[in-house]
Amino acid sequence: MKQLTQFPRIKTSEESALAVHDLKFSYPQQPAVLDQISFQIEAGERVGLIGPNGAGKTTLFLSACGILKPTAGEMFIFGESVQAETFNPNVGLVFQNPDDQLFCPTVWDDVAFGPENLQLSPSEIKHRVEEALTITGTYPLAQRIPHQLSGGQKCMVAIATVLAMHPQLILYDEPSANLDLSARRRLIDFLEISEQTIIISSHDLELLLEVCDRVILLNQGQIIADGDPHRVMGNQSLMESHGLEKPHSLFHHPPDAHQE
Ligand SMILES: Nc1ncnc2c1ncn2[C@@H]1O[C@H](COP(=O)(O)OP(=O)(O)OP(=O)(O)O)[C@@H](O)[C@H]1O
């Protein structure tokens, strides 16, 4: 994965990568999934988003991308207000299921799709596709049919489709779901050297421990905890009271012993 260093750093802004103010969201005829939550994520942070099934993690991501319209509150991405149904190339979402992201006849076409919609020049589109395929290690798959790829290959191609847009903030929804051990390790290695601001929603708490410098615990529409991953996830009673388990690797490292 050394190639990544050959590419320029993504530009970051003085503004927070993501600022969420009193965000509320309810699906029709349902109680609030997000109930007036507020937090900020600074440029360059790697944040894990945890919570039991149905906590609202995907809903938060879809709101940040403008796919869902919040009931109340506001979100800003690098200082720009998020508007529902308005595409913002500064934020990219890697869907939980890569099949939701891959629909073209070839991998190359799928990765080119975003830059083409940004109406970039043909040479810039080619450059972006080659760059994204190289960074994700999927260049050899460029002419393959996406739906015939393995789960791990699809995952990395789905990431390439997002990277080709050059977003400064990338939201990963359960990126390690269905990956075998080597594909998961490749993903972790990739995430660890990613240069963008990233938020990873995952039940793979060990992955978050390796990759993230901060974790947010969401449950029943509220932010329950926000802080150092070892401290938050190492708190067994906190984790268990929100339907989660303290990661196995933290049992020999009680939170109080963790050096910050
Ligand atoms: N389109 C929808 N219509 C109605 N309710 C929905 C819809 N999508 C999600 N929900 C409900 O909203 C709540 C939050 O769902 P969400 O997918 O955001 O949770 P999550 O934290 O991502 O869960 P998981 O860990 O299982 O992926 C759940 O109770 C879910 O059933």
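You'll find the chain entered in an unreviewed UniProt entry as ABC-type cobalt transport system, ATPase component, with Dactylococcopsis salina given as the organism. Turning to the chain, the UniProt annotation filed under Sequence similarities (unreviewed entry) states: "Belongs to the ABC transporter superfamily." Listed in UniProt under the heading Subcellular location (unreviewed entry), the comment for the chain reads: "Cell membrane".

All right, on to the packing of aromatic side chains then. In this description, a pair of aromatic rings is defined by centroid distance and the angle of the planes. In total, this model carries two aromatic pairs according to the counting rule given. Ring centres of Phe25 and Tyr27 lie 4.7 Å apart, and the angle between their planes is 80 degrees; on these two criteria the pair is classed as edge-to-face. Sitting over the face of the ring of Phe251, Lys246 holds its NZ or CZ atom 4.7 Å from the ring centroid.

With that settled, the discussion passes to the sheet that holds strand E9 (residues 214-219). Spatially, six strands are ordered E6-E7-E8-E3-E9-E10 in an open sheet, and the strand pairing comes out mixed. Both edges of this open sheet fall to strand E6 (91-94) and strand E10 (222-227), since each of them pairs with a single strand only. Strand-to-strand, the axes of this sheet are offset by a mean angle of 15 degrees, without reference to chain direction. With respect to the sheet, helix H1 (residues 57-64) is in contact with strand E3 (46-50), E6, strand E7 (169-173), strand E8 (197-201) and E9, its orientation differing from that of E7 by roughly 150 degrees. Here helix H4 (residues 151-163) sits on the sheet in contact with E6 and E7, set at roughly 170 degrees to E6.

Once that is clear, we can look at helix H3 (residues 122-135). Residues spaced three or four apart along an α-helix point in a common direction, a consequence of the helix completing one turn every 3.6 residues. With 14 residues, H3 extends 20 Å between its outermost C-alpha atoms, agreeing within 8% with the 20 Å of an ideal straight helix rising 1.5 Å per residue. Looking only at H3, the buried set comprises Ile125, Arg128, Val129, Glu131, Ala132, Leu133 and Ile135. Note on H3: the residue one or two positions beyond its end, Gly137, has a positive phi of about 70 degrees.

The next point concerns the site of the ligand. Around the ligand, the structure places Tyr27, Val33, Pro52, Asn53, Gly54, Ala55, Gly56, Lys57, Thr58, Thr59 and His203. Here an oxygen atom of the ligand and a side-chain polar atom of Asn53 are 2.7 Å apart. Interatomic distance of 2.8 Å between a side-chain N/O atom of Thr58 and an oxygen atom of the ligand. When the free accessible area of the ligand is taken as 630 Å², the share hidden by the protein chains comes to 60%. Broken down by class, the residue content of the shell around the ligand amounts to four nonpolar, six polar and one charged.

To continue, consider the side chain of Asp204. Mapping Asp204 onto the fold places it in the loop between E8 and helix H6 (205-211). A relative accessible area of 16% places Asp204 in the buried class. Each residue touching Asp204, except ones within four places of it in the same chain, is listed here: Ser176 and Arg184.

This part takes up helix H2 (residues 107-117). Among all positions in H2, only Val107, Trp108, Asp110, Val111, Ala112, Gly114 and Pro115 are buried. Residues of H2 that are buried sit in contact with H3 and H4. Among the residues trailing H2, Gln119 stands out with phi positive, at a value near 60 degrees.

On to the pairing of E7, then. Across the five residues of E7, five count as buried, placing the element largely inside the fold. Across the two faces of E7 the burial is the same, with Leu169, Leu171 and Asp173 and Ile170 and Tyr172 all buried. By the bridge criterion, four bridges tie E6 to E7 in an arrangement that is parallel. Counterpart to Leu93 in the pairing with E7 is Leu171. Relative to E8, E7 is paired through five bridges, and the arrangement is parallel. Across the sheet, the residue bridging to Ile170 is Ile198, located in E8. A crossover connection joins E7 to the parallel E8 through helix H5 (residues 181-192); in handedness this β-α-β unit is right-handed.

Parameters at a glance
- Note that residues are indexed from 1 along each chain, following the sequence as it is written.
- In keeping with the model being predicted, local features are shown solely for residues with a pLDDT of at least 70 and side-chain atom pairs are shown and tallied solely at 80 or more, while totals for entire chains, interfaces and linings include all residues.
- Only hydrogens and water are set aside; all other atoms, that is, all heavy atoms of the structure, feed into the side-chain values.
- UniProt positions are given in the numbering used here, feature names are shortened, and annotations may be inferred rather than shown by experiment.
- Geometry of aromatic contacts follows a simple scheme: Phe, Tyr and Trp rings, the Trp one being its six-membered ring, pair when their centres are within 6.5 Å, and the pair is stacked under 30 degrees between planes, edge-to-face over 60, tilted otherwise.
- Counted as over-ring charges are cases with an Arg CZ or a Lys NZ within 6 Å of the ring centre that also lie within 35 degrees of the ring normal.
- Two strands are said to pair when DSSP picks up at least two bridges between them.
- Working definition: helices are DSSP H or I runs of at least four residues, strands are E runs of at least two. Numbering for both runs from the N terminus.
- To get an axis, fit a line to the C-alpha atoms, keeping to the stretch in contact for a helix; angles then go from 0 to 180 degrees between the N-to-C directions.
- Contacts are residue-level and defined by heavy atoms, with any inter-residue pair within 4.5 Å sufficient.
- Expected helix span is taken as 1.5 Å per residue step, with the number of steps being one fewer than the number of residues.
- Buried means the residue's accessible area, taken with a 1.4 Å probe over protein chains only, is under 20% of the maximum for its type, while exposed means over 50%, and partly exposed covers the values in between.
- Only heavy atoms are used to decide nearness, and a residue is near a molecule or strand if one of them lies within 4 Å of it.
- In protein, a polar contact requires one atom able to donate a hydrogen and another able to accept it; more generally it is a pair of N or O atoms within 3.5 Å, and residues adjacent in sequence count only if both atoms are side-chain atoms.
- Here the Shrake-Rupley method, with its probe set to 1.4 Å, supplies the accessible areas, and only the displayed protein chains count as covering residues.
- Only Asp, Glu, Lys and Arg are considered charged in this grouping, and only Ala, Val, Leu, Ile, Met, Phe, Trp, Tyr, Cys and Pro are considered nonpolar; every other residue, Gly among them, is considered polar.
- Here is how to tell: hold the view so the strands point away, follow the path from the first strand over the helix to the second, and if it runs clockwise the crossover is right-handed.

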